[in-house]
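# Results of the structural survey
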Amino acid sequence: MTPLNLTPALPEIFVLALACVVLLVEAFSKKPEWSYTLTQLTLVGAGAITLLTAEAGKVYAFNGMFVDDLMGDVLKLVSYAAAIVAVAYSRAYLSERAMFRGEYFVLVLFAVLGMMVMISASHFLTLYLGLELLSLSLYTLVALQRDSMVASEAAMKYFVLGALASGFLLYGMSILYGMTGSLELTKVVAAVEQGSSSLLAFGLVFVVAGLAFKLGVAPFHMWVPDIYHGAPSAVTLFIGSAPKLAAFAIVMRLLVDGLHPAVGDWQQMLAIMAVLSLMIGNLAAIMQSNLKRMLAYSTIAHMGFLLLGVLADSYAGYSAAMFYVITYALMSLGAFGMVVYLSRAGFEAENLDDFKGLNARHPWLAAVMAMVMLSLAGLPPFVGFYAKLTVLQALVGAGWLWLAVIAVIFSLIGAFYYLRVVKLMYFDAPHANDLAPSGEADVRALLSLNGLGVLVLGLVPQPLLALCAYAIQTSIQ
Amino acid sequence: MIEGIGILSLTIWVPIVAGLLILVTGGDRNADGQRAIALIGALLGFLVAIPLWTGFDASSAAMQFQEIAAWIPLINVHYHLGVDGISMPFILLNSFTTLLVVLAGWQVIQTKVGQYMAAFLIQSGLINGVFAALDGVLFYVFFEAMLIPLYLIIGVWGGPNRVYAAIKFFLYTLLGSLLMLVAVIYLFFESGGSFEILAWHKLPLGLTPQILLFVAFFFAFAVKVPMWPVHTWLPDAHVEAPTGGSVVLAAITLKVGAYGFLRFVLPIVPDASHELAGLMIALSLVAVVYIGLVALVQSDMKKLIAYSSIAHMGFVTLGFFLFQPLGIEGGLVQMISHGFVSGALFLCIGVMYDRLHSRQIADYGGVVNSMPRFAAFFMLFAMANAGLPATSGFVGEFMVILGAVKVNFWYAFAAALTLIFGAAYTLWMYKRVVFGPVANEKVAAMEDINSREFLVLGLLALCVLGLGLYPLPVTEVMHASVNNLLEHVAHSKLP
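Residues numbered from 1 in each chain as written. Chains lettered and ligands numbered in written order. Predicted model: local features only at pLDDT ≥ 70, side-chain atom pairs only at ≥ 80, totals over all residues. Heavy atoms only, no water.

Okay, the overall build of chain A next. In terms of helices and strands, chain A carries 20 helices and two strands. Relative to a compact globule of 477 residues, whose C-alpha radius of gyration would be 23 Å, chain A shows 21 Å and is just as compact. Reported as C-alpha extents along the three principal axes, the dimensions of chain A are approximately 70 × 60 × 40 Å. Once local pairs closer than 6 in sequence are excluded, the contacts in chain A between residues at least 24 apart make up 81%. Of the roughly 15,300 Å² of accessible surface on chain A, 70% is carried by carbon and sulfur atoms. Between the mean site of the 22 positive side-chain charges and the mean site of the 26 negative ones, chain A shows a separation of 6 Å. (Helix = DSSP H or I, 4+ residues; strand = E, 2+ residues; numbered from the N terminus. Rg over C-alpha atoms; globule rule 2.2 N^0.38 Å. Contact = heavy atoms within 4.5 Å. Areas by Shrake-Rupley, 256 points an atom, 1.4 Å probe, with all protein chains shown as cover. Lys, Arg positive; Asp, Glu negative; His and termini not counted. Charge placed at Lys NZ, Arg CZ, Asp CG, Glu CD.)

As structure tokens, this is what we get:
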């Protein structure tokens, strides 16, 4: 029995403690502003602790249930940043809709905590714990707008389907446990290496299905459009960004850390799901008239692209996927952030038509949105291009040339609907219903930074690429 | 080498910075200031490009004015620039055209002036980047990024059907370039982890990979050229684009496709090029003959010139795939000449459109009576388009036909038909628009060109005549590089 070492889990402990404090602050002070400030400070503090305790190499804690490595640290840091930005964007939106209450902040913090646990899990139980903590917080967040029928319906759907997916995952894990006799990923991998069996493939199918649901890739994508569309935009903003990082982390932990000996099996499953996601996501997105729904389908396609990086099964592929998910979070924040920013009391700027002629009224906002859209389409010089480039490079390097060709063809189809947003903003006459941004100047500045980030990271992609590559190399054996 | 920022970097970044500067000066309130910045930016962009010509060593086929710096070391991408005799003239042509476009849009564009000027300047910088890039990824970044400003130019300032044209243009060209991206990545692995285009030139490749690479590059560049049958986006884009957009499209972006054939296809996959040369020549001849006939029946002047562009570019690709020094040099001269002539013709149509707001040939007639000075210029450019000797249009076509005779008489025969068709559609249009009785009182009321328009057309007229009467300086610059290229192509790369 090793002595209890709490250092690797310090950020988690910190966030948990502060989340409880936020709960109390709200109960006693009735001032949501305080909760807001405290939440942001908590996330910043967690970032500082993560940075200070970061080191190359893997450190296990709690008898191997918990692991702290550089990949986890980077993903956590990006998650905090995404949460900070999402909360900041949402402030005005929430207060106009009577949702600017303590619960929101507590739920966000618990969701972040869930993600952190998922990211650092090295044991089936920890992983499941984190996943459920995140999922339950998200279910509640979606239902936060109590008097909205759409939101309640979305929350119900999310809950039922999410529970089903968790069931899949648990079932798969239990089969793996029965086969290997351990819940610990390091021991599972050792046991799986001894020899594969049809039982392993059977368990793997369920694990992969559960993961696919959480990532939102086809054919387990049904919930994504409904939830993205139904949830209040501020919540969609949150769901669309940070949880993707955590989902990527558990894919890495389970499939690469835990089940790497079965790579031949899961590679094929991922390949099929990736192609389906690219197809369904991109084709269905063309037909949407609601921006949130369109972005939801585009998320499916992007997650398919992410899987392509993972299934390339090389350091280059993993780090490409990691780069992809980080930059995707950045772009997603920009896109949904714009929806939130342009919505005002009693008006949701969520239809594509609402963006008509934005350039005539607010050229800078249109430029920011255009940069984000072109980046999502994967056009240089924006960062989305390098995300696609590195994934494709890893694919071709691993000999999956045909997958790379399919991926670029669907990227072309994808470009169409992103370009349509640019077209609406630039080519069309302004809408009668003028979009009057409701947010404050600081939110506008943050949004501008977000858009410029997409450009600057595109001009200088090396640091982030190198960071991802380094994190993967030190974290994956 | 010059210390600090090199000349090529300047030709790329001066226009881009000027464009961004315009964007930050705000909206239409400041239109005059924005025009001034645009003019200064374009002028500076042209001036910094001039040392490329004066300092160029024509006896060397090596890349000159090279700049190299690590950009994304992780995947071995470099910021590597350099020009040889093939690419250098196009940087000058592009910088020069940008200057003309800024002048041409001076009064015509009254809405979103800043964004219009900025789009052209940024696009100019990006295109210079395409011609100067020697790194595969860098090339690709410029190659695709240049679509964005042009998409906006067509879509925002274009004609009634502009949205359709803009999206068609974008998706068509994107389809081609995405396949090229896969080819670029494939070459990266084949060459052992290098994105250097020059290293790819020396890379041995089997015939099957060569053919697949050829197909991928073909899509990217043939769409841009555009070659028959992937040309259908061009007439739409030309008709809907504002005058400046048409000029840049015809004079520069089409050249990017042809340039790609010389920089990528011929040297990287020479065996596949030989293998498929017959097909390429056939497609080129179809463009020359069939598209020439299509041009004949157009009733819209812009569409007519657009089809004539396709026919002329057919000449260029024909010249390239003859694997003859005369053919390639003729193709290059034809590219430059076409840059001047088609740009000038679009500007002429723009001049008339600004006055009458119609591009239909039927709405005009007897323009010479109200606009004699304009008619003279228009005549010169129409003659150049028809390939009249002593104009630049003649030189390139003649060289290509001479090259074709050496290979196969019937190629030359088919290609020479363009001299008839070209004369037919251009001069017939000219006759209907400029001569004859004055069609209506609107035409009678048209004012002759002002001094700004005179300046723009006059500069182009000088170029057309200069290149037509004394093409030697231009061909001299290309000579060494073209011979070097042909040497590459002559050697099989099969392992």
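Before going further, it helps to spend a moment on the pairing of strand β1 (residues 64-72) of chain B. Side-chain direction in a regular strand flips from residue to residue, so the side chains alternate between the two faces of the sheet. Residues and elements named next belong to chain B. Direction of pairing for β1 relative to strand β2 (residues 77-83): antiparallel, over a ladder of six bridges. Counterpart to glutamine 64 in the pairing with β2 is valine 83. A loop of four residues connects β1 with β2, the two strands running antiparallel in sequence, and asparagine 76 in this loop sits at a positive phi of about 60 degrees. (Pairing = 2+ DSSP bridges.)

Looking now at the interface of chain A and chain B. Counting from both sides, the interface comprises 36 residues of chain A and, opposite them, 34 residues of chain B. Both faces combined, the contact of chain A with chain B buries some 3,200 Å², and carbon together with sulfur accounts for 82% of it. Taken as a group, Gln393, Leu412 and Phe427 of chain A account for 22% of the area that chain A buries against chain B, more than any other trio of residues on that side. Here chain A and chain B share zero salt bridges between them. Viewed at the interface, chain B and chain A are joined by five residue pairs in polar contact (both at pLDDT 80 or more). Only α16 (363-376), α17 (383-397), α18 (401-426), α19 (441-459) and α20 (462-475) of chain A provide two or more residues apiece to the side of chain A that touches chain B. Take the side of chain A that touches chain B: its biggest share by element is 12 residues, from α18 of chain A. (Buried area = accessible area lost by both parts, 1.4 Å probe. Salt bridge = Lys/Arg side-chain N within 4 Å of Asp/Glu carboxyl O. Polar contact = N/O pair within 3.5 Å; in protein donor to acceptor, adjacent residues only side chain to side chain.)

Take the environment of valine 477 of chain B next. Tracing the backbone shows valine 477 of chain B in helix α21 (residues 472-490). Among residues more than four places away in sequence, those in contact with valine 477 of chain B are Trp53, Phe56, Ala58, Gly85, Met88 and Pro89 of chain B.

What follows covers unusual backbone geometry. For the bond running from valine 225 of chain B to proline 226 of chain B, omega is -15 degrees, close enough to zero to count as cis. Inspection of the secondary structure assignment puts proline 226 of chain B in the loop between α9 (207-224) and α10 (233-240). With omega at 5 degrees, the peptide bond leading from tryptophan 228 of chain B into proline 229 of chain B counts as cis. Of note in this structure, phenylalanine 62 of chain A is not a glycine but carries a positive phi near 50 degrees. Residue classification places phenylalanine 62 of chain A among the partly exposed residues on the basis of a relative accessible area of 30%. The phi torsion at asparagine 76 of chain B lies on the positive side, around 60 degrees, for a residue other than glycine. Its location among the elements puts asparagine 76 of chain B in the loop between β1 and β2. (Buried < 20%, exposed > 50% of the residue type's maximum accessible area, 1.4 Å probe, protein only.)

The next thing to look at is the packing of aromatic side chains. Applying the stated criterion across every chain yields a total of 55 aromatic pairs over all chains. With a centroid separation of 4.8 Å and 65 degrees between ring planes, the pair formed by tyrosine 116 of chain B and phenylalanine 120 of chain B is classed as edge-to-face. Separated by four residues within a single helix, tyrosine 116 of chain B and phenylalanine 120 of chain B lie in helix α4 (residues 113-132), roughly one turn from each other. The exposure class assigned to phenylalanine 120 of chain B is buried, which follows from its relative accessible area of 2%. Plain terms: the ring middles of phenylalanine 139 of chain B and phenylalanine 143 of chain B are 5.3 Å apart, the flat faces sit at 20 degrees to each other, and that makes the pair stacked. Taken as a pair, phenylalanine 139 of chain B and phenylalanine 143 of chain B lie in helix α5 (residues 136-145) at a separation of four residues, close to a single helical turn. Neither residue differs from the other here; phenylalanine 139 of chain B and phenylalanine 143 of chain B are each classed as buried. Here the aromatic residues Phe139, Phe143, Phe214, Phe217, Phe218, Phe219, Phe221, Phe261, Phe264, Phe321 and Phe323 of chain B are joined through ring pairs into a cluster of three or more. The ring of tryptophan 34 of chain A has lysine 31 of chain A sitting right over it, with the charged end atom 5.1 Å from the ring centre. The residue whose ring lies beneath lysine 388 of chain A is phenylalanine 305 of chain A, and the NZ or CZ to ring-centre distance is 5.0 Å. (Phe/Tyr/Trp six-rings, centres within 6.5 Å; stacked < 30°, edge-to-face > 60°. Lys NZ or Arg CZ within 6 Å of the ring centre and 35° of its normal.)

Trp266 of chain A together with Phe261, Phe321 and Phe381 of chain B are the most contacted members of the largest nonpolar core, which has 390 residues in total. Broken down by element, this core gets its largest block of residues, 18 residues, from helix α14 (residues 315-342) of chain A. Setting aside chain neighbours within four positions, we find phenylalanine 381 of chain B in contact with Val341, Ala344, Leu345, Cys348, Leu457, Leu460, Ala461 and Val464 of chain B. (Core = buried A, V, L, I, M, F, W, Y, C linked by side-chain atoms within 4.5 Å.)

Let's shift gears to helix α1 (residues 10-29) of chain A. Residue and element names in this part refer to chain A. With 20 residues, α1 extends 28 Å between its outermost C-alpha atoms, agreeing within 8% with the 28 Å of an ideal straight helix rising 1.5 Å per residue. Within α1, burial applies to Pro11, Glu12, Val15, Leu18, Ala19, Val22, Glu26 and Ser29. The arc that holds every buried residue of α1, seen down its axis, measures 140 degrees, which confines them to one face. Where α1 is buried, its residues touch α2 (32-53), β2 (66-68), α3 (70-96) and α4 (102-120). Of the residues flanking the end of α1, it is lysine 30, one or two places downstream, whose phi is positive at about 60 degrees. (Expected span 1.5 Å × (residues − 1). Arc of directions from axis to C-beta.)

Structurally, the α-helix is built with 3.6 residues per turn, so residues lying three or four positions apart point the same way. Residues and elements named next belong to chain A. Compared with an ideal rise of 1.5 Å per residue, which puts 15 residues at 21 Å, α17 spans 21 Å between its outermost C-alpha atoms and is within 8% of the ideal. Extensive coverage of α17 is indicated by the burial of 14 of its 15 residues. Glycine 399 lies just past α17 and shows a positive phi near 85 degrees.

To continue, consider the confidence of the model for chain B. All names here are of chain B. Averaged over all residues, the pLDDT of chain B equals 85, while 99% of them reach at least 70. The weakest mean pLDDT in chain B belongs to helix α19 (residues 441-444) at 78; the strongest belongs to α5 at 90. Across the interfaces of the predicted complex, the ipTM metric reaches 0.88, alongside a pTM of 0.90. (pLDDT = per-residue confidence, 0-100.)

Moving on, we get to the environment of glutamate 184 of chain A. All names here are of chain A. Relative to the helices and strands, glutamate 184 is located in the loop between α6 (149-180) and α7 (185-194). Overall, the relative accessible area of 14% leaves glutamate 184 in the buried class. Taking the C-alpha atoms as reference points, glutamate 184 and leucine 259, 75 residues apart in sequence, are found 11 Å from one another.

Residue and element names in this part refer to chain A. Two elements in contact, α16 and α18, have axes separated by 8 Å at closest approach and are oriented at 165 degrees. By the angle between their axes, α16 is roughly antiparallel relative to α18. With respect to the hand of their crossing, α16 and α18 are arranged in left-handed fashion. Mapping the contact onto sequence places Ala366, Ala367, Met369, Ala370, Met373, Leu374 and Leu376 in α16 and Tyr418, Leu419, Val421, Val422, Met425 and Tyr426 in α18. (Axes fitted to C-alpha atoms, helices over the stretch in contact; angles between N-to-C directions. Parallel < 35°, antiparallel > 145°, perpendicular 65-115°, else oblique. Left-handed = near helix turned anticlockwise from the far one by under 90°.)

Residue and element names in this part refer to chain B. On the secondary structure map, serine 194 appears in the loop between α7 (162-190) and α8 (197-201). When its relative accessible area of 15% is taken as the criterion, serine 194 is described as buried. Excluding its chain neighbours within four sequence positions, the residues that come into contact with serine 194 are Asn76, Leu187, Phe188, Ala199 and Trp200.

The next thing to look at is the environment of leucine 486 of chain B. Residues and elements named next belong to chain B. Along the polypeptide, leucine 486 turns up in helix α21. Overall, the relative accessible area of 13% leaves leucine 486 in the buried class. Residues leucine 486 and alanine 272, spaced 214 residues apart in sequence, show a C-alpha to C-alpha distance of 15 Å. Once residues within four sequence positions are removed from consideration, leucine 486 is found in contact with Phe323, Gln324, Pro325 and Ile328.

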